[in-house]
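Structural overview for review
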Amino acid sequence: MATSSKEWQKLRTEDREVVERYLNEVPVKLGALAAALGVDVKISSLPLNISGQISKTPAGYEIKINRHESRQRQRFTLAHELAHFLIHRDTIDRLGGTLTDNVLYRSGASEQIEFEANRLAAQIVMPEEALRQEYSKYGDQISEAMVDLLAEHFGVSKAAMEIRMAA
Ligand SMILES: [Zn+2]
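Now for a quick tour of the structure. Everything numeric here is computed off the predicted structure, so don't read it as measured data.

1. Here we look at the coordination of the zinc ion
- Only His80 (NE2), His84 (NE2), Asp101 (OD), Asp101 (OD) and Glu114 (OE) from the protein coordinate the zinc ion, and they sit 2.0 to 2.5 Å from it.
- Going along the chain, you hit the donors of the zinc ion in the pattern H-x3-H-x16-D-x12-E. Of this pair, His84 sits in helix α4 (residues 71–87) while Glu114 sits in helix α6 (residues 111–125); the two residues are 30 residues apart in sequence, bridging distant segments of the chain. Glu114 carries the same exposure label as His84, and that label is buried.

2. So, the nonpolar core
- The biggest cluster of nonpolar side chains holds 46 residues, and the ones touching the most others in it are Val19, Leu37, Leu86, Ile124, Met126 and Met161.
- Those elements that place two or more of their residues in this core are α2 (13–22), α3 (30–37), β3 (60–66), α4, α6, α7 (128–138), α8 (144–154) and α9 (158–166).
- Per-element accounting of this core gives the leading share, eight residues, to α4.
- Beyond its immediate sequence surroundings of up to four residues, Ile124 is in contact with Trp8, Val19, Leu23, Val28, Leu30, Leu33 and Leu86.

Conventions used here
Numbers given to residues run from 1 along each chain, matching the order in which its sequence is written. In keeping with the predicted nature of the model, local features appear solely for residues at pLDDT of at least 70, side-chain atom pairs appear and are counted solely at 80 or more, and the whole-chain, interface and lining totals rest on all residues. The side-chain quantities take in all heavy atoms of the structure and omit both hydrogens and water. Donors, by definition, are the N, O and S atoms found within 2.8 Å of a metal, the threshold being 3.2 Å for Na, K and Ca, and water is not counted, so a site can look incomplete. In DSSP terms, a helix is any run of H or I states spanning at least four residues, a strand is any run of E spanning at least two, and both are numbered starting from the N terminus. Think of it in three bands: with a 1.4 Å probe and only protein chains considered, a residue is buried below 20% of the maximum accessible area for its type, exposed above 50%, and partly exposed in between. Buried Ala, Val, Leu, Ile, Met, Phe, Trp, Tyr and Cys residues that are joined via side-chain atoms within 4.5 Å together make up what is termed a nonpolar core. Two residues form a contact once any of their heavy atoms are found within 4.5 Å.

Remember, this is a structural readout, not a statement about activity or role.
If you want it as structure tokens, here you go:
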């Protein structure tokens, strides 16, 4: 099931095909997705105010995720950095080969770039079709308990789920 957002359209066809293969199973296996895209992921000791980083290396691209943040947060950060890989490779190059995201997902790239990365990340960790299927189990009633269950099901924070549901 294709996602039709603006960010989604920016993916290269070959990358989009890889990503789509991983969106049918929830929680989305982000580590396996990164590997399939040829991106190395390292869980690292980064400074406290840094959530993640993506760098161009001689071999390709490498993502570092701050090991000191919660598991759900690490998942979203990985999706955010993968989004930069998927649609912002030119920006990474332009900024000298490294993008470092602080805890607010600000990196020195433009706000627009960070907005796109957050939107695409949300679509990857909370895929539209899977979300729709979960919604249908609960009917129209959106409750606090439902948000909790959905967040747990997708392996994201409650805040991330609330933002996704409002989108
Ligand atoms: Zn970013």
